[in-house]
Amino acid sequence: MIFRKNMLVFISLLFCLPYQSWGAAYNIMQYGAKGDGITDDTKAFEEAWQELCNDVEPGSTLTIPLVNTFLVGPINFQGPCKSPNVHFEILGTIVAPEDPSSWNGCLAGAWLLFANVEGLIVDGGGTIDGRGNAWWTKSLTNALHFENCNGLQLRNLNHRNSPRNHIGLSRSSYSTISDLDIVAPAYSPNTDGIDISTSTQIQIQNLVIKTGDDCIALNNGASQINITNINCGPGHGISIGSLGINGGYNTVEGIYVKNCNFSGTQNGARIKTWQGGSGYARDITFENIELDNVFNPIIIDQHYCPNEIHCPAESSAVNVSNISYKFFRGTSRSRIALNFDCSNMIPCSGIYLDQINIISSVSDEHTTAYCNNAYGTISSTKPSATCLS
Ligand SMILES: *[C@@H]1O[C@H](CO)[C@@H](O)[C@H](O)[C@H]1NC(C)=O
Ligand SMILES: *[C@@H]1O[C@H](CO)[C@@H](O)[C@H](O)[C@H]1NC(C)=O
Ligand SMILES: *[C@@H]1O[C@H](CO)[C@@H](O)[C@H](O)[C@H]1NC(C)=O
Ligand SMILES: *[C@@H]1O[C@H](CO)[C@@H](O)[C@H](O)[C@H]1NC(C)=O
């Protein structure tokens, strides 16, 4: 049964009110979902998605109702859909199977994969729970991934305990991610909050991210990305990279990170590249950043080698240039608060430090700066980073 919302649309137009739910209203319960958290509801989701995606009316909505918990296995929400925008509204909770053996057939390494859907809205205030505990020794499957979903709006949701990355975007430009609460234990491995690659013109704002790995990671092909109002920690900070793995040509540019807090994180503003790669990370700004007991508040690590094995000296590197850090304040857990460990092959150039005040979170300790082949300019910077010039 489909309830047409034409009357509401008419009323909202009459009074010039924004009304986003055009089109038909689908409810997952109409497709035989139990919503008891025990029965496998995968089939209901697949069937409901088929109908939603085949609906030609713009803005038709599939609602996952409040109160209920839906157990679903790996699903491929495949487009293209027939309308220019579809709305997936999660009011309730979606949980993953607890037992990794029932995850067979997981496409593209993601539990919930949306692929080739234009103008997708995913919201509703509900929860996506990956129940990743059983996975944290294996770390293979991301929870929610968007592949080739231009114009995505992902907002107002809770994300819990992903087996691996909580949210991934690839080839999904002109998208907005906002008002999310992403939580996994500090000890859970590889549970990045958000990973972006091969996407441009992305706005990310108003997020609380507490996980065991990067709060946000910007990987190869990320460009023109604004990140504002993020509360990160525990976690590994906001990272550009890692770039240049296995000798790859990687690029990241036009990144603007503003008004973010890091609390108890391993890193604050980080750029990490492997030796032996090529390409560039450039035109990146971190501005108005608050730090509380952060191990590496500002770090460029061009000798990235997480397990410290098989990383001999290489003769090429990703070129890091035009990186600005403005108005940082707070405390560092390590002595080296400003760490610019650049490639011996290509110097980091155009590093700008302006109004930096980072003191130690350990009593009687002083903070310092370290530079290796890094060049730039400083203005009111504590600790002083004269090694840059
Ligand atoms: C990022 O912010 C800049 C300036 O504040 C703005 O011009 C640009 O359009 C924004 N980009 C996105 C993708 O939101
Ligand atoms: C960061 O923390 C300060 C208080 O220390 C708070 O005023 C501000 O709103 C926080 N910013 C974010 C993005 O939560
Ligand atoms: C450096 O990056 C900023 C953005 O962070 C950009 O506005 C500026 O044009 C860049 N400068 C150069 C010399 O490319
Ligand atoms: C690195 O990038 C900077 C800025 O674009 C450029 O001036 C420099 O020539 C590049 N270095 C190499 C080795 O390509």
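Structure report, in brief.

Rules behind the numbers
Residues numbered from 1 in each chain as written. Chains lettered and ligands numbered in written order. Predicted model: local features only at pLDDT ≥ 70, side-chain atom pairs only at ≥ 80, totals over all residues. Heavy atoms only, no water. Core = buried A, V, L, I, M, F, W, Y, C linked by side-chain atoms within 4.5 Å. Buried < 20%, exposed > 50% of the residue type's maximum accessible area, 1.4 Å probe, protein only. Contact = heavy atoms within 4.5 Å. Disulfide = S-S within 2.5 Å. Near = heavy atom within 4 Å. Polar contact = N/O pair within 3.5 Å; in protein donor to acceptor, adjacent residues only side chain to side chain. Areas by Shrake-Rupley, 256 points an atom, 1.4 Å probe, with all protein chains shown as cover. Pairing = 2+ DSSP bridges. Helix = DSSP H or I, 4+ residues; strand = E, 2+ residues; numbered from the N terminus. Axes fitted to C-alpha atoms, helices over the stretch in contact; angles between N-to-C directions.

Observations concerning the nonpolar core
Then comes step 1: Counting residues in each nonpolar core, the largest one holds 92 residues, and the members touching the most others are Trp49, Phe88, Phe146, Ile204, Tyr325 and Phe340.
Then comes step 2: Tyrosine 325 has contacts with Ala269, Ile271, Phe286, Ile298, Ile300, Phe340, Ile351, Tyr352, Leu353, Asp354 and Ile356, leaving out every residue within four places of it along the chain.

Re the state of the cysteines
Then comes step 1: For the coordinates displayed, the defined rule picks out five disulfides.
Then comes step 2: The disulfide bridge from cysteine 342 ends at cysteine 348, spanning 1.9 Å between sulfur atoms. Here the S-S torsion is close to -105°, and the disulfide linking cysteine 342 with cysteine 348 is therefore left-handed. For the pair shown, cysteine 342 and cysteine 348 are each scored as buried.
Then comes step 3: Should the bonded cysteines of the protein chain be numbered as they appear in the sequence, the pairing reads 1-2, 3-4, 5-6, 7-8, 9-10.

Details of the site of ligand 1
Then comes step 1: Around ligand 1 sit Gln201, Ile202, Gln203, Gln224 and Asn226, and those are all the residues in its vicinity.
Then comes step 2: Between an oxygen atom of ligand 1 and a side-chain N or O atom of glutamine 203, the distance comes to 2.8 Å.
Then comes step 3: Taking asparagine 226, its side chain carries an N or O atom lying 2.3 Å from an oxygen atom of ligand 1.
Then comes step 4: Protein contacts shield 42% of the accessible area of ligand 1, which totals 360 Å² for the unbound molecule.

As for the site of ligand 4
Then comes step 1: Every residue near ligand 4 is listed here: Asn319, Ser321 and Ile346.
Then comes step 2: Note that an oxygen atom of ligand 4 is positioned 2.4 Å from one of the side-chain N or O atoms of asparagine 319.
Then comes step 3: Its free accessible area being 360 Å², ligand 4 has 34% of it covered by the protein chains.

Some words on the sheet that holds strand S24 (residues 296-301)
Then comes step 1: Taken in spatial order, the eleven strands line up as S6-S9-S12-S14-S16-S18-S20-S22-S24-S26-S28 in an open sheet, and their pairing is parallel. Both outer strands of the open sheet, strand S6 (75-78) and strand S28 (368-372), are each paired with one neighbouring strand and no more. Along the sheet, successive strands turn relative to each other by an average axial angle of 15°, direction set aside.
Then comes step 2: Here five bridges tie strand S9 (residues 110-115) to strand S12 (residues 142-147), and the two strands are oriented parallel to one another. Bridge assignment links phenylalanine 114 to a residue of S12, and that residue is phenylalanine 146.
Then comes step 3: Lying on the sheet, helix H2 (residues 42-54) is in contact with S6 and S9; it crosses S6 at an angle near 5°.

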